[in-house]
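Commentary on secondary and tertiary structure
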Amino acid sequence: MSKFIRAYAVFAAMTMAAVLTQSKAATDDIVFTSDIPSRAVVSEINDIGYRFPGFCSVSVNHESCDVSFGDRKLTLGEYELLLTDGRDAYFGVSFSSPLKADVPTELTILLNPGCVWLTENWESEAVSNDTPIRLTYTVAPEAKDDVTLSLASVTEPNAQGELGFVVDGVERTYNRFYLKTEAPDILTIETEVPNVTVSGPEGYHAEAKLNQAYGTAENVSYFYFEVEQAPTAIGDYCIVVSANAVKDALRLQNPEFGRANPEAVINFKMVENTVGVEQVTVGDSETPRAAYTLNGIRVAPGDNHAGVVVFDDGTKIIR
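Residues numbered from 1 in each chain as written. Predicted model: local features only at pLDDT ≥ 70, side-chain atom pairs only at ≥ 80, totals over all residues. Heavy atoms only, no water.

Alignment of strand β9 (residues 79–84) against strand β10 (residues 88–99), held across six bridges, turns out to be antiparallel. Residue pairing across strands places Leu-83 opposite Phe-91, the latter belonging to β10. What sits between the antiparallel neighbours β9 and β10 is a turn of three residues, in which Gly-86 has the positive phi angle 155°. (Pairing = 2+ DSSP bridges. Helix = DSSP H or I, 4+ residues; strand = E, 2+ residues; numbered from the N terminus.)

Quick look at the structure:
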């Protein structure tokens, strides 16, 4: 009857269990260490090594080792397995070219049962893993401050960069401003201090905190901020959003990776009047590609919400 011993993969503060089996009784636990912690986030991977203290020899069944990067399974040639006997047996996975990614991508090394065989000395019988050992790593681009912000929805200026106090004869008050970035899953951060300032004519100055807004547009993230005193004077205004006010999930977890915004400076002009276009309903033209409510939230174009409808040729219809 087979006996079992338990091996522990020690990664910094992390411990991963794996079971090894052999043909004779064993009394000591076995540990193996890695030069890259499992679940680590790295900018690239050339190779990964594992050491087995107390074992002098290691062999690997290639057919029981699966290596995948993202949704693609790698084949031998794209990687090779390195084995070194000695005081602490070494098993490594070396890639033919460094693994890099423009978006976070998971590398998985799966050692199926019977993949790794170890011996304590030249006369002992080999032991092998009896259960799968799954090791994962995330390859992600280094930190980039490349998230751009612009005014959006009902606070998006016209082609001349103007917002009107009166639009098509309807008065508007701008206590809430909407911003967007053409990237998905960009999030605001919790902050105790304002991270948005607005300045304008006649000494106008306001401070606010940026908040998350939600819409149905794919690959677009929305935000908003509110000012206690809405702009009332005609003239040039400037919005400044502090750097790192919005980030992706990876950047929130680790400042060395992921995306965030640099300081954003957004200029616009308040004017007395701006003119829209003839009011129509959705059915009066070709199917629109986007629609927004008066609160600036993107909705399905077929919904009968009052707001702004955008067509494929760029035409914007206010209804």
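Now that the structure has been shown, we can carry on.
On to the pattern of salt bridges. All told, the structure shown has eight salt bridges when counted by the stated rule. As a salt-bridge pair, Asp-66 and Lys-73 come within 3.3 Å of each other at their nearest N and O atoms. Taking the relative accessible area as the measure of exposure, Asp-66 reaches 24% and is therefore partly exposed. As a salt-bridge pair, Asp-145 and Arg-251 come within 2.8 Å of each other at their nearest N and O atoms. One end of the pair, Asp-145, is in the loop between β14 (133–139) and β15 (150–151); the other, Arg-251, is in helix α1 (residues 249–253), with 106 residues separating them in the sequence. (Salt bridge = Lys/Arg side-chain N within 4 Å of Asp/Glu carboxyl O. Buried < 20%, exposed > 50% of the residue type's maximum accessible area, 1.4 Å probe, protein only.)

Attention shifts here to the nonpolar core. The biggest cluster of nonpolar side chains holds 34 residues, and the ones touching the most others in it are Tyr-50, Phe-91, Phe-95, Leu-107, Ile-109 and Tyr-137. For this core, the leading source of residues is β10, giving five residues. Ignoring sequence-local partners within four residues, the contact set of Phe-91 consists of Ile-48, Gly-49, Tyr-50, Phe-52, Val-58, Val-60, Leu-81, Leu-82, Leu-83, Leu-111 and Val-116. By size, the runner-up hydrophobic cluster in this structure holds 30 residues, among which are Leu-151, Val-196, Phe-225 and Met-270. (Core = buried A, V, L, I, M, F, W, Y, C linked by side-chain atoms within 4.5 Å. Contact = heavy atoms within 4.5 Å.)

This brings us to the side chain of Thr-155. With respect to the helices, strands and loops of the structure, Thr-155 is situated in the loop between β15 and β16 (162–167). For Thr-155, a relative accessible area of 1% translates into the label buried. Here Ala-152 takes part through its backbone oxygen, which lies 2.9 Å from a polar atom of the side chain of Thr-155. Apart from the residues within four sequence positions on either side, Thr-155 is in contact with Leu-163, Tyr-174, Arg-176, Phe-177 and Tyr-178. (Polar contact = N/O pair within 3.5 Å; in protein donor to acceptor, adjacent residues only side chain to side chain.)

What follows is about the pairing of strand β7 (residues 65–69). Two faces belong to every sheet, and in a regular strand the side chains alternate between them. Along β7, the buried face is formed by Cys-65, Val-67 and Phe-69; none of Asp-66 and Ser-68, which line the opposite face, is buried. Pairing of β7 with strand β11 (residues 105–111) involves five bridges; the strand directions are antiparallel. In the sheet register, Val-67 faces β11, and the bridge partner there is Ile-109. Bridge analysis of β7 against strand β8 (residues 72–73) gives two bridges, and the strand direction is antiparallel. Within β8, the residue paired with Ser-68 across the bridge is Lys-73.

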